[in-house]
Amino acid sequence: MSTTSRSTRTPGTSPGTTAVPARAVTALAALAVALGLAFVLAPGPVAGSMPGGGYGGRRGLDARLSASFVDYWRSGERSFPPALRGVVDYWSRYHVVKAVVAAVLLAVLIALGALLWKAFLRGGALTAGSRAALASAGVVVTALALFSLALAVANIQGAVAPFSSLMSMLPVHASHGELADVLDRIRQQLAGYPDAGGATAPPLKVMVSDFGRYHAVVAVAATVVALALAALSALSWRRFAGTAASDRRTRRVLRSAGLLSALLAAAVLVIAAANTATTADPAPALLAFFEGGW
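Residues numbered from 1 in each chain as written. Predicted model: local features only at pLDDT ≥ 70, side-chain atom pairs only at ≥ 80, totals over all residues. Heavy atoms only, no water.

Visitor: Teacher, can you tell me more about the overall build of the protein here?
Guide: Counting secondary structure elements, the protein contains ten helices and zero strands. Going residue by residue from the N terminus, the α and β elements of the protein occur as α-α-α-α-α-α-α-α-α-α. Here the protein has a C-alpha radius of gyration of 25 Å; the compact-globule value for 294 residues is 19 Å, and the former is much larger. Its C-alpha atoms give the protein principal-axis dimensions of about 100 × 40 × 30 Å. Split into buried and exposed, the 294 residues of the protein put 41% on the buried side. Residue pairs at least 24 apart in sequence account for 73% of intrachain contacts in the protein once pairs closer than 6 positions are excluded. (Helix = DSSP H or I, 4+ residues; strand = E, 2+ residues; numbered from the N terminus. Rg over C-alpha atoms; globule rule 2.2 N^0.38 Å. Buried < 20%, exposed > 50% of the residue type's maximum accessible area, 1.4 Å probe, protein only. Contact = heavy atoms within 4.5 Å.)

Visitor: Where do I start with the nonpolar core in this structure?
Guide: Most often, soluble globular proteins keep nonpolar side chains buried together rather than apart. In this structure, Phe-69, Phe-163, Met-207 and Phe-290 are the most contacted members of the largest nonpolar core, which totals 40 residues. Elements supplying a minimum of two residues to this core: α3 (58-75), α4 (82-122), α6 (162-167), α7 (178-191), α8 (202-241) and α10 (282-290). Setting aside chain neighbours within four positions, we find Phe-290 in contact with Phe-69, Met-167, Leu-170, Val-172, Leu-183, Ile-186, Arg-187, Leu-190 and Met-207. Core analysis: the next-biggest nonpolar cluster, separate from the first, contains 24 residues, Leu-28, Val-101, Leu-109 and Leu-126 among them. (Core = buried A, V, L, I, M, F, W, Y, C linked by side-chain atoms within 4.5 Å.)

Visitor: Hey, could you run me through the pattern of salt bridges in this one?
Guide: Charged atoms that come close allow side chains of opposite charge to pair. Evaluation of the coordinates by the stated rule reveals five salt bridges. In this structure, the salt-bridge partner of Asp-89 is Arg-85, at a minimum N-O distance of 3.1 Å. Residue Asp-89 and its partner Arg-85 are located together in helix α4, separated by four residues, close to a single helical turn. Look at Arg-85 and you get partly exposed, because its relative accessible area is 37%. Two residues, Arg-213 and Asp-210, come together in a salt bridge whose shortest N-O distance is 2.6 Å. Placement of the pair is Arg-213 and Asp-210 together in helix α8, with a separation of three residues, close to one helical turn. Overall, Arg-213 belongs to the partly exposed group, its relative accessible area being 38%. (Salt bridge = Lys/Arg side-chain N within 4 Å of Asp/Glu carboxyl O.)

Visitor: Would you mind showing me how to read the layout of surface pockets here?
Guide: The method is simple in principle: a probe with the dimensions of a water molecule rolls over the atoms, and the space it marks as empty is what remains. Estimated volume of the largest pocket: approximately 1,200 Å³. Forming the boundary of the largest pocket are 34 residues, of which Trp-117, Thr-142, Leu-232, Ala-257 and Ser-261 lie nearest the centre. Of the pockets and cavities examined, the second largest pocket occupies roughly 260 Å³. Ala-150, Val-153, Val-225, Val-268 and Ile-271 are, among the 14 residues lining the second largest pocket, the residues nearest its centre. Of all elements in the fold, only α5 (128-160), α8 and α9 (248-280) reach the threshold of two or more residues within the lining of the second largest pocket. The element contributing the most residues to the lining of the second largest pocket is α5, with six residues. Here the residues of the lining of the second largest pocket sort into 13 nonpolar, one polar and no charged. (1 Å grid on protein atoms, 1.4 Å probe; cavity = no way out; pocket = protein on both sides within 12 Å on 5 of 7 lines; lining within 4 Å. Points joined across faces, edges and corners; volume = space filled by probe spheres on them. Nonpolar A, V, L, I, M, F, W, Y, C, P; charged D, E, K, R; others polar.)

Visitor: I would appreciate a short explanation of α10 in the present structure.
Guide: Because an α-helix packs 3.6 residues into every turn, residues spaced three or four apart end up facing the same way. Most of α10 sits inside the fold, with seven of its nine residues counted as buried. Among all positions in α10, only Pro-282, Ala-283, Ala-285, Leu-286, Leu-287, Phe-289 and Phe-290 are buried. Where α10 is buried, its residues meet α3, α6, α7, α8 and α9. Where α10 ends, the next residue or the one after it, Gly-292, has phi of about 85°, a positive value.

Have a look at this one:
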């Protein structure tokens, strides 16, 4: 009497084991690559297709920014002239698109990382090489997720305070021309802000206020991220304590997650504190920027 063995492999998993959901991993990886390309290629065309239009590339944007910035300073008004308003609105749309793509990419990478780490923990039947490959892939995806998180925060910052984000594109080392003269006057007034001799130009007040908002976004976001990382660290250590000593692989992953989350939480708290200080007194940091200190 002969017996026939039947495969118990679940559809969509790697041959020989049910640990790796290959189909889901492949789909998420492909989606992550597509989103990465969209993050680089899509924001300009998408923002330019919305009401207000675009500027045909970085050179056109830089030229319009420099000219409209000079006009804004010379106007002596708080409100942006139409040319600068168009540039600021475009830049806000540009960063909204990038922030949305980065947020979706972050979600995809979190899902992909969860699959990889679960497969690693449950892959008892895998070879040592396969387990090493899963662990390496998990580390890479985790790092990419953290990078995507930073991109999302940076672009939310640019969307909320686009004027300050645009100022980083100004040629602050310009040595001649109308823009150089305007930058010199800004530095002079910032050096004693808010008690500089004579009345402070209204455009400068807007710059200082917007620069404070620019850093407030990071302060708030960094605080939220730090709290989330601290909670993840606590959860990892709690699960570590409840895992049997014989399950060394799970304990090793949980211990690493707990340590990494705690270290990242501490680093992000430092960023939050620095940006909170700048939010409270943005003028010195803005002066450092215009002096080329950034």
